[in-house]
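# Architecture at a glance
Single-letter residue listing:
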Amino acid sequence: MVDHGEITMLAQQLGEELGKRHWFATSAESCTGGAIAAAITSISGASNWFDGSIVSYADRIKHSVLGVDVKDLKLFGAVSEPVARQMACGVLAMMDANLSVAVSGIAGPNGGTEEKPVGTVWIAWAHAEGQEPVQIDARCFHFQGDRTTVQAQTVVEAIKGMLAILDDHPV
């Protein structure tokens, strides 16, 4: 079970680290429905390091707003590495940000399949520094618990991944 105090602590740490680097972050969210942005903006001063978020629950929004390839949505499904990567790049390109996170998953209790059971979540992170090319990392997670727990675990891992990227870019 995720302690919501942990989410607040991670969001606070993220804000501090982004601020030190004068970086801005953004998110593209499906299964979390904006929970990552909510966690980040619960921290006072977030406007100094958070640009905004796109909640792209429907595939048509993933395509029309974030630029996800319709062929990839059909071939791999919304809960897939290619889609999560494209979401992360799409939102990074839309915003004036250095770091993005994107999530797409099956929070449940319905929607799971044998191939992609409830709790399957793809998280992708992208970052760019000025003219430096975008770098992307993605991971598949298999969380346990009810819908709220899966969403909370996703928020934790999304922010932890953002902090790991910041750790690789010292002040």
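Residues numbered from 1 in each chain as written. Predicted model: local features only at pLDDT ≥ 70, side-chain atom pairs only at ≥ 80, totals over all residues. Heavy atoms only, no water.

Attention now moves to the sheet that holds strand 1 (residues 25-29). Either a parallel or an antiparallel arrangement is found when strands of a sheet pair, and the pairing is made through backbone hydrogen bonds. Strand order in the open sheet formed by 5 strands is 2-1-3-4-5, with mixed pairing between adjacent strands. Since the sheet does not close on itself, it has two edges, and those belong to strand 2 (50-55) and strand 5 (135-142), each with one partner. Each neighbouring strand pair of the sheet contributes to a mean axis angle of 15 degrees, computed without reference to strand direction. Across 5 bridges, the pairing between strand 1 and strand 2 is parallel. Residue pairing in the sheet places T26 in a bridge with G52 of strand 2. Relative to strand 4 (residues 120-127), helix 5 (residues 81-94) is tilted by about 35 degrees, and along the sheet it contacts strand 1, strand 2, strand 3 (99-105), strand 4 and strand 5. (Pairing = 2+ DSSP bridges. Helix = DSSP H or I, 4+ residues; strand = E, 2+ residues; numbered from the N terminus. Axes fitted to C-alpha atoms, helices over the stretch in contact; angles between N-to-C directions. Contact = heavy atoms within 4.5 Å.)

Turning our eyes to something else, we now look at the side chain of E29. Looking at the secondary structure, you find E29 in strand 1. Buried and without a salt bridge, E29 has R147 as its closest oppositely charged side chain, separated by 11 Å. In this structure the side chain of E29 is engaged in a polar contact, spanning 2.6 Å, whose partner is the side chain of T32. Of note is the side chain of E29, whose polar atom sits 3.4 Å from the side chain of S53. In contact with E29, not counting residues within four places along its chain, are G34, A35, I36, A37, S53, I54, V55, S56, Y57, M87 and V103. (Buried < 20%, exposed > 50% of the residue type's maximum accessible area, 1.4 Å probe, protein only. Lys, Arg positive; Asp, Glu negative; His and termini not counted. Salt bridge = Lys/Arg side-chain N within 4 Å of Asp/Glu carboxyl O. Polar contact = N/O pair within 3.5 Å; in protein donor to acceptor, adjacent residues only side chain to side chain.)

Roughly 240 Å³ of volume is contained in the largest pocket. Lining the largest pocket are 15 residues; nearest its centre among them are S30, Y57, A78, V79 and G105. Of all the elements in the fold, those that place two or more residues in the lining of the largest pocket are helix 3 (59-64) and strand 3. The computed volume of the second largest pocket comes to approximately 160 Å³. Considering the residues around the second largest pocket, the lining is formed by H4, I7, T8, A35, A39, S42, T148, Q151, A152 and V155. Going through the elements one at a time, helix 1 (4-21), helix 2 (35-41) and helix 6 (147-167) are the ones with two or more residues in the lining of the second largest pocket. Tallying contributions element by element places helix 6 first for the lining of the second largest pocket, with 4 residues. (1 Å grid on protein atoms, 1.4 Å probe; cavity = no way out; pocket = protein on both sides within 12 Å on 5 of 7 lines; lining within 4 Å. Points joined across faces, edges and corners; volume = space filled by probe spheres on them.)

In a packed pair of helices, the relevant descriptors are the angle between the two axes and the axis-to-axis distance. Contact pair helix 1 / helix 6: the axes reach a minimum separation of 10 Å and the direction vectors enclose 25 degrees. One finds that helix 1 runs roughly parallel with respect to helix 6. In this structure, the crossing between helix 1 and helix 6 has a hand that is left-handed. Contacts between helix 1 and helix 6 involve H4, E6, I7, L10, A11, Q13, L14, E17, L18 and R21 on the former and, on the latter, A152, V155, V156, I159, K160, M162, L163, L166 and D167. Here the contact of helix 1 with helix 6 is built from residues that sort into 12 nonpolar, 2 polar and 5 charged. (Parallel < 35°, antiparallel > 145°, perpendicular 65-115°, else oblique. Left-handed = near helix turned anticlockwise from the far one by under 90°. Nonpolar A, V, L, I, M, F, W, Y, C, P; charged D, E, K, R; others polar.)

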